[in-house]
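Examining the three-dimensional arrangement
Each chain is listed here by its residues.
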Amino acid sequence: MSFENAWLQYSKICNEENKKYFFRVYAPDKNRVTTSAIQELACAALKIFDCRMQPAADQDAATISLVLDQERNLGTEGYEITEADGKLQITAGAPAGLLYGSFSCIRRIQCEKPLKGFQERKLPSAPFRMLNHWDNIDGSIERGYSGTSFFFQDQKVLVDDRTRMYARLAASVGINAVVINNVNVKGNATKLIDGTYGEELRLMKEILDDYGISLYLSLNFAAPMELGGMDSADPCDPEVAGWWKEKMKELYTRLPGFGGFLVKADSEGRPGPFTYRRTHAEGANVLADAVKPYGGRIIWRCFVYNCQQDWRDKKTDRAKSGYDNFMPIDGKFRENVILQIKNGPMDFQVREPVSPLFGGLKKTNQMLEVQIAQEYTGQQRHVCYLIPMFKEVLNFHTYCKEGADTVQDIVTGKTFKTTNCGIAAVANTGDDENWTGHDLAAANFFGFGRLAYDMDLTAEEIAREWISCTFGNDSEVQEKIEKMLLMSWPAYEKYTSPLGIGWMVNPNVHYGPNVDGYEYDRWGTYHRADHLGIGVDRTKDGTGYAAQYLEPNASAYESVETCPEELLLFFHYIPYTYRLKSGKTLIQHIYDTHFEGVENVDEMVKLWNSLEGKIPEKAFTRVQKRLAHQKMHSREWRDQINTYFYRKSMIADEQGRTIY
Ligand code: GCW
């Protein structure tokens, strides 16, 4: 097993039936993306079947044909696969579709499913399927848990074999855009938009272009000052606007076809339009106008909040800030601006409600941001398969439009009839041999892409595909790893945060239990536990956050009786003696779930250990070590949380288990 190939292992499979399609390929189109598709098919044929694929003179002579056909309504990224009489045909409206269709055929053989009779027609669910890398120009990665960056090192941009391998992996699951640098743009990273790194970026873009992936950068809103020597970055100052126009002209001359920018402004110390008393629409639009002549886009993040809160102030609520900041300017953004909204109103906790901006915003392009870097979900040392969480978010009903009101409807363009929408994930990769540190964390990278391209897939289907492509088709391996993946997010939630409370982590590193870590801090991430109960009152008597939702969600969250229990403490302050629907008291629920979560981890450890000999040794040991840590660490979580609440409530565990 070559770990850098991740799920593109292309391990030997003896299957004469499938092999017979991989002899002669016909592809009249000579576009670079089509060429990548042919190369990929040839590589798979050779590695899987020992078969050297040859070019065919025409379609009749071919066993597999890649054909462009505008009549089939497949858009620029859809494809159709048809098998007839021992021949495969992949049809698409544009080369990217041929590439995705080719990867689909390859996945099918990796999963040992028959190509005979195979018919598939797919159009991507989300128009934008992006990865956001938080890589710094010194090579470090903010919230990176898989080594250092493969895009940057010591103030340099890296372009090498790994860039191509990365592009193959990303494209194989349907990713079509990547932001390579951190949204916190500082130091030399500000210069990524001028000529300093022009040549390296040109080379990088060429490789990404080969795989139908657009290159994006994060930019520094204060660049007119830091690079241009101006004394202001006021978006409404004509000189500032002129500076941006000039910069973008230069950049697009160097990098024609460049995608655009991702911007974090007025957040956690980053500069932004607020400094000049301008709105975020004014801030985004000055950039949008500058990139418009070149077809560029501005992806503007809604992660804007005041991180200087006072605990005595029970009305100010960080959860409310995204909505408060962006709802008043709905409809004020240019057409080439997309607002990027984190899935929850806080920050990638193991459980949060869906951001009320989804459903709230009606006149602005939107994109969902999730995080596959497991910042708050075990940092790629714990197993935490996040696709089930993303499915829940996508299936959430906002009630903004009858019949087309889920987050999925919004980000796929169904609700507001647009193609300026999609889904982005904060990436979980680094220069570790296996890309993601934890071998099982690669399922999140794979899964995110697959889900973004095809939101009809279930989390189970995606897990099974990933296991087959990575570890093969042994049924025991399949079943056990699938089980581990699917139990992992619920288990993590059980032994960490109860019922939507979040944040009980060590500050800054965001790893390991620390119930009061943020409680006495200024970030506004309180749990408000005392000797009687716990939870944040976000009803109208409290912060008023629940009212940001459309009905019937607002009322459902407002009342303790109708609030979904998994979010109870997010919305309400609840006494420890309160009886949940299960009949258990809240305190007993806290104890029970924490014991259960640890038992789940023990089960995962057993499942993995029983696969010894069936998984390549290096991967087996690597995962085993991390699981041993997870086992120890889940106990630490259980014990700290249970003891904390025991001491606060002085109510003993009904089952008399050890609580320190
Ligand atoms: O979750 C927080 C992280 C920061 C991050 C920020 C953001 C890139 O702790 O590290 O900064 O979110 O999303 O901008």
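Along every chain, residues carry numbers that run from 1 in the direction the sequence is written. Only residues with pLDDT of 70 or above have their local features reported here, since the model is predicted, and side-chain atom pairs are shown and tallied only from 80 upward, although totals for entire chains, interfaces and linings are computed over all residues. Based on all heavy atoms of the structure, the side-chain values leave hydrogens and waters out of the count.

This next bit is on unusual backbone geometry. Only a minority of non-glycine residues have a phi that is not negative, and only a minority of peptide bonds are not trans. Of note, the bond from Glu-551 into Pro-552 is cis; its omega dihedral lies within 30 degrees of zero at 5 degrees. Residue placement: Pro-552 occurs in the loop between strand E17 (533-534) and helix H16 (553-558). Non-glycine residue Asn-73 carries a positive phi angle of around 55 degrees. Not every positive phi belongs to a glycine, and Arg-143 is a case in point at roughly 55 degrees. Each helix is a run of DSSP H or I of at least 4 residues and each strand a run of E of at least 2, with the numbering of both proceeding from the N terminus. With respect to the secondary-structure elements, Arg-143 resides in the loop between strand E7 (128-132) and strand E8 (152-153).

Unoccupied space between atoms shows up once a probe the size of one water molecule is rolled over them. Only protein atoms enter the 1 Å grid used here. Points where a 1.4 Å probe fits but cannot escape make up a cavity, open sets with protein on both sides within 12 Å along at least five of seven lines make up a pocket, and a residue lines them when an atom lies within 4 Å of a point. Grid points are joined across faces, edges and corners, and a volume is the space filled by probe spheres set on the points. All told, the structure shown has 8 cavities of 30 Å³ or more when counted by the stated rule. By volume, the largest cavity is sized at about 140 Å³. If you go around the largest cavity, you meet 17 residues; those closest to its centre are Cys-302, Phe-303, Gly-322, Gly-344 and Pro-345. Among the elements that line the lining of the largest cavity, the one with the most residues is helix H9 (residues 318-326), at 5 residues. Note on residue categories: nonpolar means Ala, Val, Leu, Ile, Met, Phe, Trp, Tyr, Cys or Pro, charged means Asp, Glu, Lys or Arg, and polar means any other residue, Gly included. When the residues that make up the lining of the largest cavity are grouped by side-chain class, the tally is 11 nonpolar, 4 polar and 2 charged. Of the voids in this model, the second largest cavity is the one considered here, and its volume is about 90 Å³. A per-element tally of the lining of the second largest cavity places helix H14 (residues 459-471) first, with 3 residues. For the lining of the second largest cavity, a count of residues per class yields 6 nonpolar, 3 polar and 1 charged.

Further remarks concern the environment of Cys-469. Relative to the assigned elements, Cys-469 resides in helix H14. In the structure, Cys-469 is positioned 96 residues away from Glu-565 in sequence and 37 Å away in space, judged by C-alpha atoms. Any two residues whose heavy atoms approach within 4.5 Å at even a single point are treated as in contact. Sequence-distant contacts of Cys-469, that is, excluding residues within four places in its chain, are made with Ala-6, Trp-7, Gln-9, Arg-107, Gln-110 and Cys-111.

For the rest of this paragraph, the subject is the site of the ligand. Here a residue is considered near a molecule or strand provided that any single heavy atom belonging to it is located within 4 Å of it. As a structural note, the neighbourhood of the ligand is formed by 14 residues, with Glu-142, Lys-264, Lys-342, Asp-347 and Glu-375 the closest of them. Here a polar contact is recorded for every N or O atom pair within 3.5 Å, except that within protein the pair must consist of a potential hydrogen donor and a potential acceptor, and residues adjacent in sequence are included only if both atoms are side-chain atoms. Between an oxygen atom of the ligand and a side-chain N or O atom of Arg-301, the distance comes to 2.7 Å. Between the ligand and Lys-342 there is a distance of 2.7 Å, counted from an oxygen atom to a side-chain nitrogen or oxygen. For the accessible areas, the method is Shrake-Rupley and the probe is 1.4 Å, while residue cover comes only from the protein chains on display. Out of a free accessible area of 340 Å², the ligand has 97% covered by protein chains. Residue classes in the shell around the ligand are distributed as 3 nonpolar, 3 polar and 8 charged.

Another aspect to go through is H9. In terms of residue burial, H9 counts as a mostly covered element, since 7 of its 9 residues are buried. Remark: exposure states derive from per-residue accessible area (1.4 Å probe, protein chains only) relative to the maximum for the residue type, with buried under 20%, exposed over 50%, and partly exposed in between. Listing the buried residues of H9 in full gives Arg-318, Ala-319, Lys-320, Ser-321, Gly-322, Tyr-323 and Phe-326. Its side-chain oxygen 3.0 Å from the backbone nitrogen of Ala-319, Asp-317 forms the N-cap of H9.

This brings us to the packing of aromatic side chains. Put simply, two rings from Phe, Tyr or Trp (the six-membered ring, in Trp's case) pair if the centres are within 6.5 Å, and we call them stacked under 30 degrees between planes, edge-to-face over 60, tilted for the rest. Throughout the structure, instances matching the rule amount to 32 aromatic pairs. Ring geometry for Trp-466 versus Phe-471: centroids 5.8 Å apart, planes at 85 degrees, classification edge-to-face. In terms of burial, Trp-466 and Phe-471 fall into one category: buried. A connected cluster of aromatic rings, assembled from ring pairs, spans Phe-150, Phe-151, Phe-152, Tyr-166 and Trp-435. Think of it as a cone above the ring: NZ of Lys or CZ of Arg counts as a charge over the ring if it is within 6 Å of the ring centre and within 35 degrees of the ring normal. Geometry around Phe-303 places Lys-342 over its ring, the cationic atom sitting 3.3 Å from the centre.

So, on to the domain arrangement of the chain. Considered domain by domain, the chain is made up of domain 1 (3-122), domain 2 (128-451) and domain 3 (495-536 + 573-649). Domain segmentation is taken from an automatic or database assignment of domains. Spacing between the C-alpha centres of domain 1 and domain 3 amounts to 45 Å.

Axis lines are fitted through C-alpha atoms, for helices just across the contact stretch, and the angle between N-to-C directions can take any value from 0 to 180 degrees. Packing of helix H4 (residues 161-172) against helix H5 (residues 198-210) brings their axes to within 9 Å, and their N-to-C directions diverge by 30 degrees. With respect to each other, H4 and H5 are oriented roughly parallel. Every pair of crossing elements has a handedness; the one defined by H4 and H5 is right-handed. For the pair H4 and H5, the contacting residues are Thr-163, Arg-164, Tyr-166 and Ala-167 in the first and Met-204, Ile-207, Leu-208 and Asp-210 in the second. Should an angle lie under 35 degrees it is considered roughly parallel, over 145 roughly antiparallel, and from 65 to 115 roughly perpendicular; all remaining angles are considered oblique. Crossing chirality is assigned from the near helix's rotation relative to the far helix, an anticlockwise turn below a right angle marking it left-handed and a clockwise turn marking it right-handed.

Here we take up the sheet that holds strand E4 (residues 79-84). For two strands to pair, DSSP has to find at least two bridges joining them. Across the sheet, 6 strands lie side by side as E2-E1-E3-E5-E4-E6; this open sheet has mixed pairing. Two strands lie at the open edges of the sheet, namely strand E2 (54-55) and strand E6 (119-122), each paired on one side alone. Inspection of the sheet shows strand E1 (residues 24-26) paired to E2 by 2 bridges, in the parallel sense. Each bridged residue has a counterpart across the sheet, and for Val-25 the counterpart in E2 is Pro-55. Helix H3 (residues 95-110) contacts strand E3 (64-68), E4, strand E5 (87-92) and E6 of the sheet and is inclined by roughly 145 degrees relative to E5.

Quantified by volume, the largest pocket comes out at close to 570 Å³. Lining the largest pocket are 23 residues; nearest its centre among them are Thr-76, Glu-77, Pro-127, Phe-128 and Asn-176. The class makeup of the residues in the lining of the largest pocket is 10 nonpolar, 11 polar and 2 charged. Each of domain 1 (3-122) and domain 2 (128-451) accounts for three or more of the residues forming the lining of the largest pocket.

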